[in-house]
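Geometric and topological summary
One-letter residues, chain by chain:
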Amino acid sequence: MSKLTHLDEDGRASMVDVSQKAVSKRRAVASAVVSMNRETLRLIESNGISKGDVLNTARIAGIQAAKRCDELIPLCHSLPLDSVQLSFDSDANLPGVRVIAEVVVTARTGVEMEALTAASVAALTIYDMCKAVDKSIVIGPTQLEKKEGGRSGTWTRAEPTAEARR
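All of these numbers come straight from a predicted model, not from anything done at the bench.

So, on to the environment of Lys25. Tracing the backbone through its elements, the reader meets Lys25 in strand S1 (residues 24–35). For the pair Lys25 and Gly52, spaced 27 residues apart in sequence, the C-alpha to C-alpha distance is 36 Å. Not counting chain neighbours up to four residues away, the residues in contact with Lys25 comprise Val104, Val105, Thr106, Glu148 and Gly149.

Here you go:
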């Protein structure tokens, strides 16, 4: 296992110095699962939630969250994001919604945290907009699915978790 990069030699929190890294295109994809009652999923799909269009609101929230990741996660670098895309897959078998966030940047460091933050905040937004009709909503797992670029190259989740397979 490699050493933790956000700790200095004395064990103090430290922002990683990326100034010597090469600028390259980097991409990360993260997902979050939002499980709910079947009726809640039906209301989302029919745009029947009284607060409004759940998935478009969650999309905007996820994009905003990715752009502000450095304000939320203390040791994240500020990155000029090239693209943030969110998609939503309704799944009657869960029942629920899978959130997929894809973030791209051309920079010295990756965008895994931005993708995870986008997926997380989009999932929280779905919860917020639907909590009046369903208090039993569960969020999770939230996970990195793939990252590309940088010194470590491409990494892809080998197998979905049990939750994601449902």
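Alright, that's what it looks like, and here's the rest.
What follows covers the side chain of Thr125. Among the structural elements, Thr125 can be located in helix H4 (residues 112–130). Since its relative accessible area comes to 13%, Thr125 is described here as buried. From its side chain, Thr125 meets the backbone oxygen of Val121 in a polar contact 2.8 Å long. When neighbours within four sequence positions are excluded, Thr125 is seen to be in contact with Thr57, Ala58 and Ala61.

Our focus in this paragraph is the sheet that holds strand S3 (residues 96–107). Spatially, the five strands line up as an open sheet ordered S2-S3-S1-S4-S5, and their pairing is antiparallel. Two strands lie at the open edges of the sheet, namely strand S2 (81–91) and strand S5 (155–156), each paired on one side alone. Sheet topology note: the S1/strand S4 (residues 138–148) ladder contains eight bridges and is antiparallel. Each residue of the ladder has a partner; that of Val29, found in S4, is Lys146. Together, S2 and S3 form the strand contacts of helix H2 (residues 54–67), whose direction differs from that of S2 by roughly 145 degrees. Against the sheet, H4 makes contact with S1, S2, S3 and S4, and its axis sits at roughly 25 degrees relative to S1, the strand it touches most.

This part takes up the nonpolar core. In this structure, Met36, Ile44, Val54, Leu86, Phe88, Val99 and Ile126 are the most contacted members of the largest nonpolar core, which totals 34 residues. Contributions of two or more residues to this core are made by S1, helix H1 (38–45), H2, S2, S3 and H4. For this core, the element with the most residues is H4, which contributes eight residues. Residue contacts for Ile126: discarding those within four places in its chain leaves Val34, Met36, Ile44, Val54, Leu55, Ala58, Phe88, Val97 and Val99.

Let us now look at the pattern of salt bridges. Under the definition given, this model contains nine salt bridges. Glu148 is paired through a salt bridge with Arg27; the nearest N and O atoms lie 3.1 Å apart. Of this pair, Glu148 sits in strand S4 while Arg27 sits in strand S1, and the two are 121 residues apart along the sequence. The exposure class of Glu148 is partly exposed, given its relative accessible area of 24%. On the accessibility criterion, Arg27 (21% relative accessible area) is partly exposed. Across the pair Glu39 and Arg42 runs a salt bridge, and its minimum N-O distance is 2.5 Å. In this pair, Glu39 and Arg42 are both assigned in helix H1, three residues apart and thus about one turn of the helix distant. Exposure remark for Arg42: the relative accessible area of 42% places this residue in the partly exposed category. Because the salt bridges share partners, they merge into one network encompassing Arg27, Glu102, Lys146 and Glu148.

Calculation rules
The written sequence of each chain sets the order in which its residues are numbered from 1. With the structure being a predicted model, the display of local features is reserved for residues of pLDDT at least 70 and the display and counting of side-chain atom pairs for 80 or more, all residues being used for whole-chain, interface and lining totals. Note: side-chain values were computed over all heavy atoms of the structure, leaving out hydrogens and water. Numbered from the N terminus, helices here are DSSP runs of H or I no shorter than four residues, and strands are runs of E no shorter than two. Residue contacts are counted whenever heavy atoms from the two residues lie within 4.5 Å of one another. Throughout this description, buried means an accessible area under 20% of the type-specific maximum (1.4 Å probe, protein chains only), exposed means over 50%, and partly exposed covers the range between. Polar contact criterion, stated in full: a pair of N or O atoms within 3.5 Å, where within protein one must be able to donate a hydrogen and the other to accept it, and residues adjacent in sequence count only if both atoms are side-chain atoms. At least two DSSP bridges between two strands are required for those strands to pair. Every axis in this analysis is a line fitted to C-alpha atoms, fitted for helices over the stretch in contact. Angles between the N-to-C directions lie between 0 and 180 degrees. Put simply, buried Ala, Val, Leu, Ile, Met, Phe, Trp, Tyr and Cys residues joined by side-chain atoms within 4.5 Å make one nonpolar core. Each salt bridge in this description consists of a side-chain nitrogen of Lys or Arg and a carboxyl oxygen of Asp or Glu lying within 4 Å of one another.

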